[in-house]
Amino acid sequence: MTDGRSGSPHFRVSRIAPGVWAAIARDGGYGLCNAGIVDLGGTTVVFDSMLTPTAGMALRLAARRCTGRAPDVVVNSHWHGDHIRGNSGLAPAVVVSTRKTRDLIRTKGVDQWNSDLREMPRALAGLDAPESTTPVLERAMYRGWFEGTLRVPRSFRPTPPNVTFDRELTLAGTRQELEVRTFGGGHSPSDVFAFLPERGIVFLGDLVSVGLHPSTGDGVPARWRSILRRIVGLGVSEALPGHGPVGSADDIRRMERYLFDLDRLARAALRRGDSEVELRRSPVPTEYRSWRFSAFFLENLIHSFRLAGGRATSPG
Ligand SMILES: [Zn+2]
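A brief look at the structure comes next. Everything numeric here is computed off the predicted structure, so don't read it as measured data.

### Overview of the overall build of the protein
Next up, step 1: The helix and strand tally for the protein stands at nine helices and 12 strands.
Next up, step 2: On C-alpha atoms alone, the protein measures out to a radius of gyration of 19 Å, which is about the 20 Å that the 2.2 N^0.38 rule sets for 316 residues.
Next up, step 3: Considering only C-alpha atoms, the protein reaches an extent of 65 × 45 × 35 Å along its principal axes.
Next up, step 4: The buried share of the protein, reckoned over its 316 residues, is 46%.
Next up, step 5: Taking contacts inside the protein between residues at least 6 apart in sequence as the whole, the part at least 24 apart equals 66%.

Next up, the structure:
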């Protein structure tokens, strides 16, 4: 169910359960990733702040409309720019994540911002060029990503978390409790998820995408898979992914299967003695052919190939 009043050009808001909402990024908007909104009773929490301060400000308004309060706490799932650059738009909320994620936002987060400023003008111009390899159906999503980034003032720097934890943190209100936890790094060096134990609702950040390829290049798929199995073991009814619509435990299992398939395909290539050049001709497996962010597939496969010991060129 979509509540039009709480949406924005950057996302649509739907209620998952009493006091729990999903803000799902719209194609062409400047949010790119999803966010969760939780009314704990006297405390409002936002999980992930999206790609831009503009989307973060819209999220702040949406949270206020949904819960009657401006956000008190923002949780950052991991350091990637599309999940944290909205932090400043949600001020003065406290921003929470792991210590490792805070360190990464202050180092790699700034580097990523600077490289985006350098590279995105060309990427935006090339999106609709005749030689563009981006599928037409994916272009609005990319356009919002690039345009949104380039409209942020150049002087911008990501706001790092100001409260950190190492393993878990319970946020308790008068009506419900949110467990903010990490099982370590899988998609990134440190991935946080948030769990409402009484309802079985989990906010996953990029540990799961639904209907889109994830990006595995900053992660370790084997660890990622074990994190996903542990999360399913918590008893999940509904799962808010970092990208794509609200899913279920089946979508968490499907992501685990995708990561397994990458490893299986990479090892098969290794046994055949393939080089990366040959691997780059691999088709997307049928079951993932409708998934968007299709360009990530080969990058992910190469990443798994290298982790399995593959080399850039054939030995012989
Ligand atoms: Zn990510």
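### Considerations on the sheet that holds strand E7 (residues 163-165)
Next up, step 1: An order of E1-E2-E3-E4-E5-E6-E7 is seen for the seven strands of this open sheet, with the pairing classed as mixed. Of all the strands in the sheet, the pair left with one neighbour each is strand E1 (11-17) and E7. Here the strands of the sheet are splayed against their neighbours by 25° on average, with no regard to which way each runs.
Next up, step 2: With four bridges connecting them, strand E2 (residues 20-25) and strand E3 (residues 35-39) associate as antiparallel partners. Within E3, the position partnered with Val20 by the bridge is Val38.
Next up, step 3: Sheet strands in contact with helix H1 (residues 53-67) are E1, E2, E3 and strand E4 (44-47), and its direction is about 35° off that of E3.
Next up, step 4: In the packing of helix H3 (residues 99-106) onto the sheet, the strands contacted are strand E6 (94-98) and E7, and the crossing angle to E6 comes to about 105°.

### Comments concerning the nonpolar core
Next up, step 1: Ala23, Ile37, Val46, Leu59, Val75, Phe193 and Val202 are the most contacted members of the largest nonpolar core, which totals 72 residues.
Next up, step 2: With seven residues, the top contributor of residues to this core is helix H7 (residues 249-272).
Next up, step 3: Setting aside its immediate chain neighbours within four residues, Ala23 contacts Phe11, Val13, Asn34, Ala35, Ile37, Leu59 and Ala62.

### Describing the sheet that holds strand E9 (residues 177-182)
Next up, step 1: Pairing is mixed in the open sheet, where five strands are placed in the order E8-E9-E10-E11-E12. Where the open sheet ends on each side, the last strands, each with one partner, are strand E8 (168-172) and strand E12 (238-240). The mean angle between the axes of side-by-side strands here comes to 20°, regardless of whether they run parallel or antiparallel.

### Points about the environment of Gly173
Next up, step 1: Summarising the element assignment, Gly173 is placed in the loop between E8 and E9.
Next up, step 2: Residue class for Gly173 comes out partly exposed when judged on the 17 C-beta atoms lying within 10 Å of it.
Next up, step 3: Between the C-alpha atoms of Gly173 and Arg267, which are 94 residues apart in sequence, the distance is 48 Å.
Next up, step 4: Discounting residues that sit within four places of it in the chain, Gly173 has contacts with Leu40, Gly41, Gly42 and Thr43.

Definitions and cut-offs
- Residues numbered from 1 in each chain as written.
- Predicted model: local features only at pLDDT ≥ 70, side-chain atom pairs only at ≥ 80, totals over all residues.
- Helix = DSSP H or I, 4+ residues; strand = E, 2+ residues; numbered from the N terminus.
- Rg over C-alpha atoms; globule rule 2.2 N^0.38 Å.
- Buried ≥ 20, exposed ≤ 12 C-beta atoms within 10 Å, placed from the backbone.
- Contact = placed C-beta atoms within 7 Å.
- Pairing = 2+ DSSP bridges.
- Axes fitted to C-alpha atoms, helices over the stretch in contact; angles between N-to-C directions.
- Core = buried A, V, L, I, M, F, W, Y, C linked by C-beta atoms within 7 Å.

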